[in-house]
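Per-entry structural report
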Amino acid sequence: MERKTHYDSVLDRSKSIMWQEDCYMDLQSTSSSVASQAETEDLGWIQKNEDQLQRFISTTFLETLLAHLSKVDVLSLDDLSKIKEAGQLQDQVKMLTTIVTCKETQGCAVLRGFIESSDSQVAQLIMNHNSMVKEHKEALLRQYDRHRDRDSVSCPKLNTSSRTLLLIDGLSDLQQKEHDLMQVGVTRGRKRNHLRQLELDKFLEPLTRVSLPPRFSLTVGVAGIGKTSCVRHFVRQWSHGVISTDVSFVLPLTFCELNSLEKLSAERLLKIAFPHLNDLSLVLSGLCRTLLIFDGLDKFRCTLKFSDALPCNDPKKEVPIDDLVTNIIRGNLLPDVSVWVTSRPGVASQIPGGLVDRLTEIPGFSTNDIQVFLNHHLSEREFASKIWAHLESHKIILMMCYIPCICWIVTNTLVYILQSGTEESLPRTFTELFAQFCAMKAEMGEPRGKEPIKMEQLHGTNRKLFGNLGRLAFYGLLKCKYTFSEQDLKAYGIDLLSTQCSLGTVLDREESAICTTYQFTHLTVQEFLAATFYYLSSKRAIFDLFSESTMSWPKIGFQNHFKSAFQHSQQAEDGHLDVFVRFLTGLLSSVALKPLTGLLVVGKDDGNQKTWAAGFLQGLLVSGVAAVSLRAVNIAYCLQELQHTELLRSVEEDLKLRSLAGKLTRASSVVLGYLLHVSPECSEQTNLIGALTYTTVKCLLPQLLYCHHLRLENNNFNDDVMELLGSLLSAKDCHIQEISLAENSISNKGAKSLSRALLVNRTLTSLNLRNNNIGSKGAKFLAESLKMNQVLVTVNFQNNAIEDEGAQALAEVLHYNRKLVSLNIQKNMIGPRGAKSIADALKTNRTLTNLILCSNQLGDKGTIALAEALAINHTLLSLQLQSNSISNRGMTALTTALRLNHSLVTLNLRENSIGVEGAKNMAHALQENNSLQELDLTANLLHDEGVQAIAGAIKFNQCLTTLHLQWNFIRSSATKALAHALLHNATMQLLDLQENAIGNEGIAYLAEALKTNASLHILCLQGVSMGTSGAIAMAKALMVNQTLQILDLRGNAVGMEGAKALAKALKSNRSLKSLNLQENSLGMDGAIFIATALKRNHQLTYINLQVNGIGESGAKVISDTIRSNAPGCVVDI
């Protein structure tokens, strides 16, 4: 009624009263100030609500509004035309407000009055949206700000709650079927290399210009990774207006809260959770964007059954809570509301993939993140360095620090131990870690000294509480129950007050408008406490502990209960008991039990149970199906927890020494599967060269999936093995990024199996098939898959007899593939025809940067074709043409191309037939080319005349850094020209003149140049006919030069006097790091000169004095002297 009265008054103000003009003016003058104030208020109202007008006015509402404004003469026909022609709906609304606010009449008042008198949802949103949103944000901030410190793990540098999300295209089998810690263990916490990153502020936005925002988003992550922290951070950031500003309402709920509800409607749920939202119809109308968050699906007491849930589209209808959630996810209920669910990966698989518009994963800490966390968290640098050193030497614990919550547990526990002055008790296993963690919690509030906790020092209630917590943890674990109500705690004898101090703080309390819930600090804490309960109870229980009822088969004795635990663990398809049995096994170690002395009543340990358990576990290793499953690998983890590591160490030693061949029994294969996950030997590269057979590959196949860089060379693999490896690379769980299958017996049939895998694989970036026999047919199979594959960047087909036909197939790949960067087809009998196909492809390819065509049969004809491509291609960086029968004719074509090419950095022309003419052409090219940095002309026919021409070009070229001229019949005159060029050149870093008869005269020229040159780092002078005088000249240069780092003088005749001169130079030289004097007739005296000189030279890190007539006893004396004078120097003698 008030709105109507106000609207009528607005309409009255908009009318002109047709009295005489003077009377009209008098009336106006008496009310002008009131009218002016009203107009100002109306204009201000429109300006204030302009965003809401553009955001919420619908097409229907706009048409009604325009009709009314036209009827009361606020808008003319011309105005209506301008509005209609403005374009999009928002543009039309903007044009309307512009026209109305420019009117001299009371247009603003009429517009405002119409909206305020309307009962439509559009009008209500325009008027009430901002106040509702403000009130809602304030309520959320009050609720979520109290979690800020915990969510950031008190480390702003990391800001773990706002870590970048990873966009994934589905859940892997590993994520769906395995325990969280096993997921982290087998992948070493690495993220898959093809995943796209998504910042949290882009989370609800379309991925492309043509796509739509997601309606249903699912975010997964292992327990403790920070899913809840991420949600809370998002809510806080949105509430502060930092992100997702187009979202009007964010409605965060947790599945822990839903556990307390049975049957209700969608509207009722939101009214209970957000009582301050008075008009939910506006929030859920679809006119404004609303995000509904359900955090922690893994903590929901119900299983979502999408096939059985009854459909419901009435938000007022009461349905069971699981059906309610299912219908909201499906979009039957609240279809206009965006939904975001978070969950651990295994439970997330309950949601059909077809319903998920956006699937993301939360990554954990990198190694660098862990170090940053330690440095920030610990005020004492000494503690941080000690803890990091301990983690480095215990990779299993370090790996689990990938999970931020576990990183927090590890850090706090290790600090507690260090502060107690018991550094020797730093944990080596996970069981020892959590025993210390519980001891730390139990001691909180108690006086702490340097002595271990004694039973009498603690309240008796602490021991009782520990037992009750264990029972709650164990039976919760059996039911996959991870959140508990106050009633649950009371049922298991846990006093609510005890959860607020000391040991009880292993339970975290969460309060909300709906209910109060409790959960253990982390899943692993629940599993550890469950294991302690089972460990103690199994010593006296007479019935099966896996049944809470006493109505079960009798089971007497610890060993029977221990076997029962492993039987249940091995039968659990989701592996949810894996870590529980690790802890149970670890508790048989007296070291792990020691910190719990005050919390557990443990009898005398004679070690018999530990010995029996080790035998039992090793028996399990031998049994089982052929393939090594993660259930089997978990047994090896248990042996590690037990610290029974003889078999583990034996297999790891064989892995290091590459002596696994013939030793891989069933038990050692399981252990190898475990080592693939945890051994430092396999962290970057898994080296199984010459170790595997068809049977062992088949056995290890499930574990090879998770290797990063897999070397399977020289295993005599045939095509049958390639069928297995093809299935490996095709698997969705495949993490392999690099695989080397060199030196095997793979034919075209094996290549076909591999090609099928490459069509679907999305991780492999490097494939090495060197020295197999795939032939042209196999090359064709692989080429077909490479046309489609957009992941591989490096391919090596060296020595596979692919011939011209195979080269032509690979040339087709270069036309289509836009990812391949490096292609090695060395030694494949490729002739001019194949070279021409590749050259034609290079004219259009814009991704290949490295092409290796060494040891083929290209000849001048093939080289000319490649040269034509080089003149056009400006992407290729390295071209290797060694041993291809290239003469001056081919060289002329290449050098012509080099004058036009501006990308090639490396050119290898070793072992061809290039003569003086070709060298002169190269010299001309070097004067114009400004990209070539490495040129290899080893073993050609350049002679002095050709090298003199190149030297003339080097004098002016300021790009070339590496020049190889070995075996080119060079004498002193050409060396003189090179030395003269070095006086002017400031870029040359490596000069190789090996096996050229330049003599002492040539050495003298070079030595003189070295006194001035400040760019050369490496000089190779092996076998250049240098004698004593040349060595003396070089020594004088070394006393001046301070840039040369590597000097190779092998195979000359330096002699004792030359060694003496060089020794004198070493005393003052401060740049040389490597000196090779092998085969130089130094004799004992010459070697002693060199060895003594090193007392004053600490830069040299390598010296070679082999084959110098020193003798065995002399070699020992020299070696000892060098080690004494220069401990950091490696000596070969």
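Each chain carries its own residue numbering, running from 1 in the direction its sequence is written. Side-chain atom pairs in this predicted model are given and counted only at pLDDT of 80 or more, local residue features only at pLDDT of at least 70, and totals for whole chains, interfaces and linings cover all residues. Excluded from the side-chain calculations are hydrogens and water; all other atoms, namely the structure's heavy atoms, are used.

This part is about the overall build of the protein chain. Helix and strand content of the protein chain: 48 helices and 28 strands. Referenced to the eigenvectors of the C-alpha coordinate spread, the extents of the protein chain come out at roughly 120 × 100 × 60 Å. To sort residues, take the accessible area from a 1.4 Å probe on protein chains only and compare it with the maximum for the residue type: under 20% means buried, over 50% means exposed, and anything in between is partly exposed. Among the 1133 residues that make up the protein chain, the fraction classed as buried is 57%. Every residue pair with non-hydrogen atoms within 4.5 Å of one another is taken to be in contact. Across the protein chain, the fraction of contacts at a sequence separation of at least 24, relative to all contacts at a separation of at least 6, is 80%. Looking at the protein chain as shown, the accessible area adds up to about 47,000 Å², and 50% of this sits on carbon and sulfur atoms. Averaged over its 111 positive side-chain charges, the protein chain has a centre that lies 5 Å from the centre of its 112 negative ones. Where helices and strands are cited, they refer to DSSP runs of H or I of at least four residues and of E of at least two residues respectively, numbered from the N terminus. Calculation of accessible area relied on Shrake-Rupley with a 1.4 Å probe; when residues are assessed, cover is drawn exclusively from the protein chains displayed. In summary, the charge assignment counts Lys and Arg as positive and Asp and Glu as negative, without counting His or the chain termini. Where a charge lies is defined by one atom per residue type, namely NZ (Lys), CZ (Arg), CG (Asp) and CD (Glu).

Attention now goes to the environment of Gly1086. Position of Gly1086 among the secondary structure elements: in helix H47 (residues 1083-1093). For Gly1086, a relative accessible area of 0% puts it in the buried group. Not counting chain neighbours up to four residues away, the residues in contact with Gly1086 comprise Met1056 and Ala1059.

As a further point, take the pattern of salt bridges. Salt bridges are defined by distance alone: a side-chain nitrogen of Lys or Arg within 4 Å of a carboxyl oxygen of Asp or Glu. By the definition in use, this model includes 31 salt bridges. For the salt bridge of Glu510 with Arg232, the shortest nitrogen-to-oxygen distance reads 3.2 Å. One end of the pair, Glu510, is in strand S10 (residues 507-511); the other, Arg232, is in helix H12 (residues 227-239), and 278 residues separate them in sequence. Exposure remark for Glu510: the relative accessible area of 14% places this residue in the buried category. Since its relative accessible area comes to 8%, Arg232 is described here as buried. A salt bridge links Arg711 to Glu713, with the shortest nitrogen-to-oxygen separation between them at 2.8 Å. The class of Glu713 is buried, set by a relative accessible area of 8%. The structure contains a network of salt bridges with shared partners spanning Glu178, Asp578 and Arg631.

Another point: unusual backbone geometry. Phi at His943 takes a positive value of approximately 55 degrees, unusual for a residue other than glycine. A relative accessible area of 36% places His943 in the partly exposed class. Look at Trp967: it is not a glycine, yet its phi comes out positive at around 55 degrees. Mapped onto the secondary structure, Trp967 falls in the loop between strand S22 (962-964) and helix H43 (972-982).

Below, the discussion takes up helix H42 (residues 943-954). Each helix should span, by expectation, one fewer than its residue count multiplied by 1.5 Å. For H42, which comprises twelve residues, the first-to-last C-alpha distance of 17 Å matches the rise-based estimate of 16 Å (1.5 Å per residue) to within 8%. Within the span of H42, buried status applies to Asp944, Gly946, Val947, Ile950, Ala951, Ala953 and Ile954. Buried residues along H42 sit against helix H41 (916-928), S22 and H43.

Val341, Leu391, Phe520, Phe580, Leu909, Leu1021 and Leu1047 are the most contacted members of the largest nonpolar core, which totals 370 residues. At ten residues, the largest contribution of residues to this core is made by helix H25 (residues 523-537). Setting aside residues no more than four positions away along its own chain, Phe520 makes contact with Leu469, Leu472, Ala473, Phe484, Val506, Leu507, Val525, Gln526 and Leu529. Residues enter a nonpolar core if they are buried and are Ala, Val, Leu, Ile, Met, Phe, Trp, Tyr or Cys, with the set joined through side-chain atoms within 4.5 Å.

Across the six residues of strand S8 (residues 338-343), six count as buried, placing the element largely inside the fold. Along S8, one buried face is formed by Ser338, Trp340 and Thr342 and the opposite face, lined by Val339, Val341 and Ser343, is buried too. Pairing between strand S3 (residues 216-220) and S8: five bridges, direction parallel. The residue of S8 that forms the bridge with Val220 is Ser343. A pair of strands counts as paired when DSSP detects no fewer than two bridges linking them.

Here helix H34 (residues 719-730) spans 16 Å end to end across twelve residues, near enough to the 16 Å set by a 1.5 Å rise per residue. Every buried residue of H34 is listed here: Asp719, Val721, Met722, Leu724, Leu725, Gly726, Leu728 and Leu729. Buried positions along H34 lie against helix H33 (694-704), strand S13 (709-711) and helix H35 (748-758). Two to three positions downstream of the cap, the backbone nitrogen of Asp720 sits 3.1 Å from a side-chain oxygen, assigning the N-cap of H34 to Asn718. Here a polar contact means two N or O atoms within 3.5 Å. Within protein one must be a hydrogen donor candidate and the other an acceptor candidate, and residues neighboring in sequence count only if both atoms are side-chain atoms.

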